[in-house]
Amino acid sequence: MNAKEIIDFFDLKAHPEGGFYKETYRSKEIILSENLSHHFNGNRNYCTSIYFLLTSDKCSAFHKINQDEIWHFYTGTTLKLHQISPEGEYSTILIGNNFLKGEIPQYTVPAHYYFAAEILAKDSFAFVGCTVSPGFDFKDFVLPSSAELSKKFPKLTQIIAQLTHH
Ligand code: GUN
């Protein structure tokens, strides 16, 4: 299947960071705010999971959340994850099926890191899963402009400009 067929088949919707997604799991039980770190403002479900599809023509822009995010590769071509630690250390990870070339099928982005993703091949896509615990809430989602993020990490201005939408 191509990207459009997968988007239609699973009824994926545009994500504000770029790419297409659908939530596939949200645990029924909740963790009370008082049992979460101070970063969380309110109760959260134990865990959530989404399908996420990213195409070559538009990256997933740098954003951050309050919890670790586990990425699982399903199908498509190599996805390059870019991450910036809170201290400003930049690194990349290749997520895919070419294990002998250093790609891995599962990776966990640490909480509070800014991260972005792109598909390296032209006219291609990757279809992955993203799981977080505590569960996802857009209250925890920070999607800065390139100007805001460059101000925080001036040495990374070039890569930030490449991987933000405005
Ligand atoms: N639910 C809605 N958006 C997201 C996201 O970016 N990541 C995860 N894990 N769940 C989501």
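From a predicted model like this one, the values you see are computed outputs, not experimental measurements. (Residues numbered from 1 in each chain as written. Predicted model: local features only at pLDDT ≥ 70, side-chain atom pairs only at ≥ 80, totals over all residues. Heavy atoms only, no water.)

Trainee: Give a detailed account of the overall build of the chain, specifying residues and quantitative values.
Mentor: In terms of helices and strands, the chain carries 3 helices and 12 strands. Against the globule reference of 15 Å for 166 residues, the chain gives a C-alpha radius of gyration of 16 Å, in line with a compact fold. Taken along the three principal axes of its C-alpha coordinates, the chain extends 45 × 40 × 30 Å. Within the chain, the fraction of its 166 residues that count as buried is 45%. (Helix = DSSP H or I, 4+ residues; strand = E, 2+ residues; numbered from the N terminus. Rg over C-alpha atoms; globule rule 2.2 N^0.38 Å. Buried < 20%, exposed > 50% of the residue type's maximum accessible area, 1.4 Å probe, protein only.)

Trainee: A description of the site of the ligand should follow, citing residues and the corresponding values.
Mentor: Lining the immediate environment of the ligand, one finds His15, Glu17, Tyr21, Ile50, Glu69, Cys130, Val132, Phe136 and Phe138. The side chain of Glu17 places a nitrogen or oxygen atom 3.4 Å from an oxygen atom of the ligand. Notes on the ligand: free accessible area 280 Å², of which the protein chains cover 97%. For the shell around the ligand, the residue count by class is 6 nonpolar, 1 polar and 2 charged. (Near = heavy atom within 4 Å. Polar contact = N/O pair within 3.5 Å; in protein donor to acceptor, adjacent residues only side chain to side chain. Areas by Shrake-Rupley, 256 points an atom, 1.4 Å probe, with all protein chains shown as cover. Nonpolar A, V, L, I, M, F, W, Y, C, P; charged D, E, K, R; others polar.)

Trainee: Before we move on, could you go through the sheet that holds strand S8 (residues 79–84) and cite the residues and values that matter?
Mentor: Here we have 4 strands laid out as an open sheet, ordered S6-S11-S8-S9, and antiparallel in their pairing. The strands lining the two open edges of the sheet, one partner per strand, are strand S6 (60–63) and strand S9 (90–95). Neighbour-to-neighbour, the strand axes of this sheet turn through a mean angle of 20°, independent of strand direction. The sheet contact formed by S8 and strand S11 (residues 114–119) spans 6 bridges and is antiparallel. Residue Lys80 lies in a different strand from S11, and its bridge partner there is Glu118. (Pairing = 2+ DSSP bridges. Axes fitted to C-alpha atoms, helices over the stretch in contact; angles between N-to-C directions.)

Trainee: Break down the packing of aromatic side chains for me, citing the residues and quoting the values.
Mentor: In this description, a pair of aromatic rings is defined by centroid distance and the angle of the planes. For the coordinates displayed, the defined rule picks out 12 aromatic pairs. Measuring from ring centre to ring centre gives 6.0 Å for Phe52 and Trp71, while their planes differ by 85°; the resulting arrangement is edge-to-face. Within this pair, whereas Phe52 is found in strand S5 (residues 48–55), its partner Trp71 is found in strand S7 (residues 69–76), the two being separated by 19 residues in sequence. Residue classification places Phe52 among the buried residues on the basis of a relative accessible area of 1%. Trp71 sits in the buried class, given a relative accessible area of 1%. Among the aromatic residues, ring-to-ring pairing joins Phe9, Phe10, Tyr51, Tyr74 and Phe127 into one connected group. (Phe/Tyr/Trp six-rings, centres within 6.5 Å; stacked < 30°, edge-to-face > 60°.)

Trainee: Describe the pairing of S9, with residues and values.
Mentor: Here S8 pairs with S9 via 6 bridges, running antiparallel. Within S9, the position partnered with Ile84 by the bridge is Tyr90. Taking the residues that link successive antiparallel strands as the turn, the S8-S9 hairpin has 5 residues, and the phi of Gly88 there is positive, at about 95°.

Trainee: Describe the nonpolar core, naming the residues involved and giving the relevant values.
Mentor: Of all hydrophobic cores here, the largest spans 21 residues; its most connected members are Phe52, Trp71, Leu79, Leu81, Ile95 and Val128. Where this core is concerned, the elements lending two or more residues are S5, S7, S8, S9, strand S10 (106–109), S11 and strand S12 (125–132). Top contributing element to this core by residue count: S12, with 4 residues. Residues in contact with Phe52, not counting those within four places in the same chain, are His15, Glu17, Gly18, Gly19, Phe20, Tyr21, Ser60, Trp71, Ala126, Phe127, Val128 and Cys130. (Core = buried A, V, L, I, M, F, W, Y, C linked by side-chain atoms within 4.5 Å. Contact = heavy atoms within 4.5 Å.)

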